[in-house]
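In case you want the letters, here they are:
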Amino acid sequence: MSVGTLRQPLGAAPVYEQSSAVGYSTENKLTGAHVGIGTTALSVGILIGILQGFEHAGFNFYPFLEPALKSYYQGLTIHGVLNALVWTTFFIVGFFTLAITRSLGRPLRYPVVNWVGFWVMTVGLILAAIPLLGDAASVLYTFYPPLRADSKFYLGLTLVVVGSWIAGWGFYFTYWAWKKDNPGVATPFIALGSLITMVLWQICTIGVAAEILILLLPAAVLWEMQNDPTSWFSQLVFSLIPGAATADPTTDPLLGRTLFWFTGHPLVYFWLLPAYVAWYGMVPKQAGGKLFSDNLARLVFWLFLLLSTPLGFHHQYTDPGIPAAWKYIHAILTFGVAFPSLLTAFTVAASLETGGRARGGKGWFGWMWKLPWNDPSFTAQNFAMILFAFGGISGITNASYNMNLAVHNTTWIPGHFHLTVGSATTLTFFGIAYWMIPMLTGKKLFSPKLALAQAWTWLFGMILFGNGFHLLGLHFGAPRRTMLGSTPYYQEAWNPMIMEMLVGVLLLTVSSILFYVVIVGTLFATKRLEKPIEMPIAQALDEDRPVPDWLNNWKPWLYGALALIVFGYGPMLYRLIVEAEFTSRMMRVW
């Protein structure tokens, strides 16, 4: 019997039970360390996001915060980097440390590997934070060249990615040890989904790693050496490389953007797939039901591995250096990757229906009201699913060439990704935290009612924020990445959408405060759990049906993914590299 087998009747109240006698003290510490840093980074990012919302409504508080924050664009960069990169990466690695080991029923094979990964990530975060907080890396979340940041920013981001790779290798070692002890046994779904996500991450981040190490970091270091020619490092390099002292620190913006979006869009699925792991493998048990189809769930993750990377050109529809044929190919692949999300909508809804009907729900929709809406973990994750449905619809709009031209670089885009990474991912992670933090600390969740209020305020806050920004971008073309409240072309017609957005920001602020009150209250609570709890693991309705080999075999999916990447990017990257023109001088704008 696999670890985590459901030990309660279908439809019974959700019970998170200890599923194995194996000790996981090291894994718990690793999970706590990653999640702790991630939630701390998120708190700073959310705080600055509030400032941005107020600025758009004409209340610019940035001048009052100098010298801590020197510009709106410094704040925007910190908000994007901490929320979209640091919070997500640290939480995901921590969550997977718990999920993979519990799903496989064994501790990490080499814990030291994962500790090394954690410290590499942490050192990278500190390195990147120094120029971020010092206004020496205000290049926004996308850090498009020729914008130039301090070299420590690029090096720090690289280390965060490399540290996550190292953590992934620790997961693979654990998985291979499990495979050796369980020949011919299908990989438990939660472990499989988590491992696929880490493999996808290691493949897609090759693009941004190449951009930083080949284009951005050398140009930034060269500029810094030329501005400090008397340092020992500068003198050493200038003596070893003739001409370096007078060379222009230039780059090729089109090649840089292409390498960034090689990573940039699959990054969305690195954010999203951990939420899918929870929606498929955990939420059905929390609902008192079962996973509708284990095989469909596996297929969805394999399809994401196959299709997620070779579609970045749909972010470059307005780039003149990319031929229309390649944009068309990537558009088709982008529409294709929507298919596993549609499968998810069906499968997860059907899984929840099993729980609702087992609880006594009748009729077409009556089962919905029988779900455990009093459980904040369940409720937060279900609201994340609802918000993601709207985010997915706007994402399909972005994939369409004609529609994209209407909304490209408008507030529609941040409206879209606040419904994806800001809701599908972040709100799901909040829901996970509501059972994971008590599990790690052995303490009862502080005030489930406040946790429920947090989920509800996030739902309505994000609906208002997302709708206001979507409409503002669609109807008026209001630009993103811009101090809207300070622009000379601000229109009175924007006011209804801006006010709707601001109300949403205020609700999200309340929701964020409630989340941290619940988490900090749990950490300092004195009430202990009556019995240990463990990660909820859902049984599947088709668990007696054997998993087909093609759904448990890595080779065809890995080979297929690599082949699609070579097809979708190979010819164009070759052309961009061969014809690269390093004529754009790196510059500091803010």
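Residues numbered from 1 in each chain as written. Predicted model: local features only at pLDDT ≥ 70, side-chain atom pairs only at ≥ 80, totals over all residues. Heavy atoms only, no water.

(A) The side chain of Thr187, seen in detail. Residue position: Thr187 is located in the loop between helix H4 (151-181) and helix H5 (189-226). Classification of Thr187 as buried rests on a relative accessible area of 0%. Side chain to side chain, Thr187 and Tyr175 meet in a polar contact 2.8 Å long. Among all residues touching Thr187, those that are not within four sequence positions of it are Tyr175, Trp178, Lys179, Leu192, Arg298 and Asn552. (Helix = DSSP H or I, 4+ residues; strand = E, 2+ residues; numbered from the N terminus. Buried < 20%, exposed > 50% of the residue type's maximum accessible area, 1.4 Å probe, protein only. Polar contact = N/O pair within 3.5 Å; in protein donor to acceptor, adjacent residues only side chain to side chain. Contact = heavy atoms within 4.5 Å.)

(B) Looking closely at unusual backbone geometry. Here the bond from Glu66 into Pro67 is cis, since omega is 5°, no more than 30 degrees from zero. Counting through the fold element by element, Pro67 comes out in the loop between helix H1 (25-56) and helix H2 (72-104). Following Pro145, the chain continues into Pro146 via a peptide bond in cis, with omega recorded as 10°. With respect to the helices and strands, Pro146 occurs in the loop between helix H3 (111-133) and H4.

(C) Looking closely at the pattern of salt bridges. Tallying each qualifying case throughout the model produces 9 salt bridges. Between Arg357 and Glu353 there is a salt bridge whose closest N-O contact spans 2.6 Å. Of this pair, Arg357 and Glu353 both sit in helix H11 (residues 324-358), 4 residues apart, which is roughly one turn of the helix. Look at Glu353 and you get partly exposed, because its relative accessible area is 26%. The closest approach of N and O atoms between Glu530 and Lys444, which form a salt bridge, is 4.0 Å. Separated by 86 residues along the polypeptide, Glu530 in the loop between helix H16 (495-523) and helix H17 (554-578) and Lys444 in the loop between helix H14 (412-441) and helix H15 (448-476) bring together distant segments of the chain. Judged by relative accessible area, which is 34%, Lys444 ranks as partly exposed. (Salt bridge = Lys/Arg side-chain N within 4 Å of Asp/Glu carboxyl O.)

(D) Layout of H14. If you check H14, its first and last C-alpha atoms are 40 Å apart, about what 30 residues at 1.5 Å a residue would give, namely 44 Å. Maximal helix bending in H14 amounts to about 35°, located at Ala433. Counting buried positions over the 30 residues of H14 gives 27, a clear majority of the element. Immediately downstream of H14, the backbone of Gly442 shows phi near 75°, a positive value. (Expected span 1.5 Å × (residues − 1). Bend = angle between axes of the 7 residues up to and from the residue.)

(E) Molecular detail of the nonpolar core. With 175 residues, the main nonpolar core has Phe143, Phe153, Tyr154, Tyr276 and Trp279 as its most contacted residues. In terms of nonpolar packing, the next biggest core, distinct from the first, is built from 5 residues, Leu222, Met225, Val237 and Ala244 among them. (Core = buried A, V, L, I, M, F, W, Y, C linked by side-chain atoms within 4.5 Å.)

(F) Representation of the packing of aromatic side chains in the model. A full pass over the atoms with the stated rule returns 54 aromatic pairs. Ring geometry for Tyr175 versus Trp178: centroids 6.3 Å apart, planes at 10°, classification stacked. With a gap of 3 residues between them, Tyr175 and Trp178 both fall in helix H4, about one helical turn apart. For the pair shown, Tyr175 and Trp178 are each scored as buried. (Phe/Tyr/Trp six-rings, centres within 6.5 Å; stacked < 30°, edge-to-face > 60°.)

Purely geometric numbers; function is a separate question.
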